[in-house]
Amino acid sequence: MSRKYVALGALLLLSGCAGNAPPRSASATPAGERVVEPWKTDPFPSTYHVYPGVPTLITNVTIYDGEGGRIDGGSVLFADGKVQAVGRDIPAPAGTVVIDGTGKWVTPGVIDVHSHLGVYPSPGVKALSDGNEMTDPTTPEVWAEHSVWPQDPGFSRALANGGVTTLQILPGSANLMGGRSVVVKNVYARTTQGMKFPGAPYGFKMACGENPKRVYGAKGRMPSTRMGNIAVDRETWQQAVEYKRHWDKYEKEGGDPPSRNLAMDTLAGVLDGKILVHNHCYRADEMANVIDMSKEFGYHVTAFHHGVEAYKVADLLKANDICAVVWADWYGFKMESYDGIPENLAILQKTGTCAMIHSDDENGVQRLNQEVAKALAAGRRAGIAIPDEVAWKWLSINPARALGIADKTGSLKAGKMADVVLWNGNPLSVYTRPDKVWVDGALLYDAHDPKRRPVSDFELGQPGEGDVK
Amino acid sequence: MKRLLLCAAALLCGTAYAETIAITGGTVAIGDGSQPIANGTVVIRDGRVIAAGTNVAVPAGARVVDARGKWVAAGLVAGFSSEGIVDGEGIDETYDGAAGKSVFNAAIDVSTAINPTNQSIAVDRSWGVTRALVSPEANNSVFAGQGAVIDLGADDAPVTKARAFQYAELGEDGASHIGSRPASYVMLHDALAAARSAARGGDSKDALITRADAAALLPVVEGRMPLVVHVERASDILQVLSLKQTYPNLKLVLLGATEGWMVAPKIAAARVPVIAAALADLPAAFERTAATEANVGRMQKAGVMVAISTVDVATEAGQRNVRQYAGNLVGIARVPGMTGLDWGAAFATVTSGPAAAIGLDGEIGSLRPGRRADVVIWDGDPLELSSAPVAVWIDGVAQPMTSRQTRLRDRYLNPQEGALPKAYER
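Cut-offs applied
Each chain has its residues counted from 1, running along the sequence as written. Chain letters and ligand numbers both follow the written order, the letters beginning at A and the numbers at 1. Reporting of local features is limited, given that this is a predicted model, to residues whose pLDDT is at least 70; pairs of side-chain atoms are given and counted only at 80 or more, and all residues count toward the totals for whole chains, interfaces and linings. Numbering of helices and strands runs from the N terminus, with a helix taken as a DSSP run of H or I at least four residues long and a strand as a DSSP run of E at least two residues long. For the radius of gyration, the atom set is restricted to C-alpha positions; the globular benchmark scales as 2.2 Å times the number of residues to the power 0.38. Exposure classification rests on a simple neighbour count of other C-beta atoms within 10 Å of a residue's own: a residue reaching 20 or more is buried, one at 12 or fewer is exposed, and one in between is partly exposed. C-beta atoms are placed from the backbone. Here, residue contact means that the backbone-derived C-beta atoms of the two residues sit within 7 Å. In short, DSSP must find at least two bridges between two strands for them to pair. Only C-alpha atoms enter the line fits that serve as axes; for helices the fit covers just the stretch in contact. Angles between N-to-C directions range over 0 to 180 degrees. Multiplying 1.5 Å by the helix residue count minus one yields the expected span of that helix.

Visitor: Would you mind showing me how to read the overall build of chain A here?
Guide: Along the backbone of chain A there are eleven helices and 17 strands. Its C-alpha radius of gyration of 22 Å places chain A within 12% of the 23 Å reference for a compact globule of 469 residues. For chain A, the spread of C-alpha atoms along the three principal axes comes to 65 × 60 × 45 Å. The buried share among the 469 residues of chain A stands at 57%. Long-range contacts, defined here as pairs at least 24 residues apart, represent 70% of the contacts in chain A between residues at least 6 apart.

What follows is the structure, given as structure tokens:
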């Protein structure tokens, strides 16, 4: 199916002309017809499609399956965009391309749960700076996907150098409530809809600490303090609770649907458990405040991002079923990161807390495997024994869970998307790079084939076009 | 506690300094571009390297440190940093790298601000960083001021060389301060003319530069002080190289040079060293459109003397990760079409390379005889991610391996509070 056809189909569905129409949006409803809560619909549906692949069997490789399993001398078979089998001695069905991976490693594609590619793209000029709607401390109504520039050259570097196949693109952290995130497959498309991960729930970006109070304090408005941060958050959550109450009443009793409020739609979606909260929060004490606030208003924090001090409250996070999303060794670049330590991930793992790596950076996203290696080594030196294949969960199944897509990707299990990286050595070594990367079974990067190296529109005709990067 | 630690180190120094130490049995990485030497010996005495390599005799009376199974390497040199002049990049109150409303620029001497008890110094030291080039950043002029070379030792004398180089911005960053690239060049020429004029006792009343700044630029014009220039674009690099026609004595060093590979033969011919942006591979600005990780390798292949720094890439983890960038330069050599470095050349980019760029490789940056004894014993390959230092000497003095980070780690290895609050655990 051509992409044009898919896009046209989506347009027809939206205008309600097709037989299989989705629930109508609240904003345009004929009188008397029941409308679905607006946070349950997606007016900007994914038009991503799987590119053609060939059935492929990679043999004689070390496999980290992404869920903590390891197979030495193993094989991975994928076809029709899906993983078919993982194990030893898998026979090659007729027509299968067999790749002898002796000396190499295979892992699921890397997932970066915190990226600003597309919203803060390269080149970093003001005209492309679209990551922070810095005009109000709470902007739950903005959606990152409306800022994503799908021509960001950074996507290609993340693919070729980092083996990244899935990313969550978040709004920035200037605002307490920054807006909705979007999860994308790392596959270039003409439109952002063409990159959207099919079926991924929305995320909601929140931020604690220094950034919101600095940005709005400088404007002479609330919040200018951490207590102001929480106060504005609570005021806003209270409105959301009331908004959702109107919708619940409407769903139960009918009548006129409540007036639409785009900001409240997002927050109601969070209260309804349909939209996952990704909360930028460095300090341990602030995480605790947010946890209590979430209980007060009845929502769940899926993950604390930039949790530089997560190790101090690893037990609290575990008890509240919250993931910690952290760097390997970033620290000291602002006051709230002053207490960062390289053992953060390992201590979280030891405590049994859901933990994972993230980049938040167009350079770091190219080396998440190396960041995991550093965190792992720091843990081992502190006496925390974690096998390599378990550490790999920090950039595969754990971020997939935090994004609500663990049933689709994040590990090499039969039936899952064939998001696969063949590494030219141990991916926890500084000397290793991706050899090939497949997304949904389609070979989209091959170190041996310059034609399998994406070049964004921006780089076309520029010095260095198509070069190794 | 900090003071206690320093005292302990100082006591250690007292005895260690005069001592002859032979570190034997390890894989020796000299840092001068040579390849690692298996089962080598490093001998240090009076704060200097006596010998390093194979067939090195252990002097009589030397204290022998057994490094079998480990690596013995030259200390890392941070190629371009804010080491010791900031307690946290975003903590403005602590930052001495930007001069704000000061009317002075070239005369600024960053060595006056170095704080050796700064915590990032302690952290990076324990990760094998023993020296750093420290620079102010440009503010209202193309000239930022005079950078220093420091050691990261746990003592009260951090400055190896004050006023080691002058730093200037002539690309997009400079233009953003001054107005445009051409305006930057007018300012540069005006300032250097004022420096010459002042030296001749001439009248520089109409110069737009203070007397102090003009005086600081005189050693630059006369070639007694290197001029480190930050540029990225190929055309900007050529423009900087052409300055030698007007000022033949200039000792130029390029910083950044993301598009250096495009004009590498010309950089090599001009014999201008480069402290490159390690691994910069994104067109993060229009002046870096042709960025590629192959840049460093291609320049080196063309005969350019290349070191690396964290300029243009994240510094949030500190200077300790320069070794990771060097390791990547080795790794990419295996990627078809890429140009990387061999191990010895890569290690030199983070040891003798930055020192050589500013003419100090006779003093620091390697384990060649006579160099200051900055030695690190690693538990494995220093460029590999799983490795960490187990011992560090600076100027022949054994250094503490602890920092605030190790203290926090020890306090929170078990996050739960015990019989008393965490504040009592230390």
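Visitor: Teacher, can you tell me more about the sheet that holds strand 8 (residues 143–151) of chain B here?
Guide: Through backbone hydrogen bonds, the strands of a sheet pair up, either in parallel or in antiparallel fashion. Residues and elements named next belong to chain B. Pairing is mixed in the open sheet, where eight strands are placed in the order 6-7-8-9-10-11-12-13. Pairing within the sheet leaves two strands with one partner each, and these edge strands are strand 6 (76–81) and strand 13 (306–309). The average undirected angle you get between the axes of adjacent strands in this sheet is 25°. Where strand 7 (residues 129–134) meets strand 8, four bridges bridge the pair, whose relative direction is antiparallel. Each bridged residue has a counterpart across the sheet, and for leucine 133 the counterpart in strand 8 is valine 149.

Visitor: Would you mind showing me how to read helix 9 (residues 368–381) of chain A here?
Guide: Since the α-helix packs 3.6 residues into each turn, any two residues three or four apart lie on the same face. In this model, helix 9 of chain A (14 residues) spans 20 Å end to end at C-alpha, consistent with the 20 Å of a helix rising 1.5 Å per residue. With twelve of 14 residues buried, helix 9 of chain A is to be regarded as a mostly interior element. Leu368(A), Asn369(A), Gln370(A), Glu371(A), Val372(A), Ala373(A), Lys374(A), Ala375(A), Leu376(A), Ala377(A), Ala378(A) and Gly379(A) are the residues of helix 9 of chain A that are buried. Where helix 9 of chain A is buried, its residues meet strand 6 (110–115), helix 2 (154–162), helix 8 (344–351), strand 14 (355–357) and helix 10 (388–391) of chain A together with helix 10 (322–331) of chain B. Residue Gly383(A) follows helix 9 of chain A closely and has a positive phi angle near 90°.

Visitor: Is there a simple way to explain unusual backbone geometry in this structure?
Guide: What you tend to see is this: most non-glycine residues have negative phi, and most peptide bonds are trans. Between Ser122(A) and the following residue, Pro123(A), the backbone shows a cis peptide bond with an omega angle of -5°. Mapped onto the secondary structure, Pro123(A) falls in the loop between strand 6 and helix 2. One non-glycine residue, Asp440(A), lies in positive phi territory at about 50°. With respect to the helices and strands, the residue Asp440(A) is situated in the loop between strand 16 (434–439) and strand 17 (442–446). Phi is positive for Leu279(B), close to 60°, though the residue is something other than glycine. Secondary-structure assignment places Leu279(B) in the loop between strand 12 (274–277) and helix 9 (295–301).

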